[in-house]
Amino acid sequence: MSTVSFAQSKEEKAVASQVEILRKAMVDADKAALEKVADEKLSYGHSGGKIEDKPTFVSNIVSGKSDFVSIDLSDQKITISGNTAIVRHTLTADTNDNGVAGHVKLYVLLVWSKDGSQWKLLARQAVKVPA
């Protein structure tokens, strides 16, 4: 995983840490970590147009319906505006959704909201990288 690490503010570093927790939780299918990092109002958009709420997102990862074998993030940029953070990166992953091996490369937009001292994933939208 590569992230922009120079000249990051304290809040940008905190958001980058949450992104890494999310990445690892998705690969490990870690239900507790996924539930902790995601906001109750999560709107999770897939590149194919499917939209999930928090319970569906967590269930699909934990059950293997959406199975990430590996996830690499690159070209990450974080912008903070008050209690909102916008993260853009390129996600490259090997998948095994429902036992079917695959590979994806996506541009991802994450929206994080600060809840007290904790950043929570409020929204995510992925689009396929143009050929």
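Model, not experiment: these values are computed from the prediction. (Residues numbered from 1 in each chain as written. Predicted model: local features only at pLDDT ≥ 70, side-chain atom pairs only at ≥ 80, totals over all residues. Heavy atoms only, no water.)

As for the overall build of the chain
For the chain, the count of helices and strands is three helices and six strands. Reading the helices (α) and strands (β) of the chain from amino to carboxyl end gives α-α-β-β-α-β-β-β-β. Along the three orthogonal principal directions, the C-alpha set of the chain runs to about 40 × 30 × 25 Å. Each of the 131 residues in the chain was classed as buried or not, and the buried ones make up 37%. Looking at the chain alone, contacts between residues at least 24 apart form 50% of all its contacts between residues at least 6 apart. Of the roughly 7,100 Å² that the chain leaves accessible, carbon and sulfur atoms contribute 52%. Side-chain charges of the chain comprise 17 positive and 16 negative groups, with the mean position of each set lying 3 Å from the other. (Helix = DSSP H or I, 4+ residues; strand = E, 2+ residues; numbered from the N terminus. Buried < 20%, exposed > 50% of the residue type's maximum accessible area, 1.4 Å probe, protein only. Contact = heavy atoms within 4.5 Å. Areas by Shrake-Rupley, 256 points an atom, 1.4 Å probe, with all protein chains shown as cover. Lys, Arg positive; Asp, Glu negative; His and termini not counted. Charge placed at Lys NZ, Arg CZ, Asp CG, Glu CD.)

Describing the sheet that holds strand S6 (residues 118-128)
One open sheet accounts for six strands, arranged S2-S1-S6-S5-S4-S3; its pairing is mixed. On the outer flanks of this sheet lie strand S2 (51-52) and strand S3 (68-81), each paired with one strand and no other. The pairing of strand S4 (residues 84-97) with strand S5 (residues 100-115) spans 14 bridges and is antiparallel. Bridged to Thr92 within S5 is Lys105. Docked against the sheet, helix H1 (residues 10-28) engages strand S1 (38-45), S3, S4, S5 and S6, running at close to 160° with respect to S3. Most of the contacts of helix H3 (residues 54-63) go to S1, to which it runs at about 70°, and overall it touches S1, S2 and S3. (Pairing = 2+ DSSP bridges. Axes fitted to C-alpha atoms, helices over the stretch in contact; angles between N-to-C directions.)

Things to note about the UniProt feature "domain: DUF4440" (unreviewed entry) in the chain
UniProt marks residues 16-121 with the feature "domain: DUF4440" (unreviewed entry), using the numbering shown here. With 28% helix and 55% strand, residues 16-121 has end C-alpha atoms that lie 12 Å from one another. (UniProt positions renumbered as here; feature names shortened; annotations may be inferred.)

Concerning empty space enclosed by the protein
Summed over the entire model, instances satisfying the criterion amount to one cavity of 30 Å³ or more. Approximately 100 Å³ is the volume found for the largest cavity. Around the largest cavity, the lining residues are Val19, Leu22, Arg23, Met26, Tyr44, Ile71, Leu73, His89, Leu91, Val108, Leu110 and Arg124. Those elements that place two or more of their residues in the lining of the largest cavity are H1, S3, S4 and S5. Sort the elements by how many residues they give to the lining of the largest cavity and H1 lands first, with four residues. A class-by-class count of the residues in the lining of the largest cavity yields nine nonpolar, one polar and two charged. (1 Å grid on protein atoms, 1.4 Å probe; cavity = no way out; pocket = protein on both sides within 12 Å on 5 of 7 lines; lining within 4 Å. Points joined across faces, edges and corners; volume = space filled by probe spheres on them. Nonpolar A, V, L, I, M, F, W, Y, C, P; charged D, E, K, R; others polar.)

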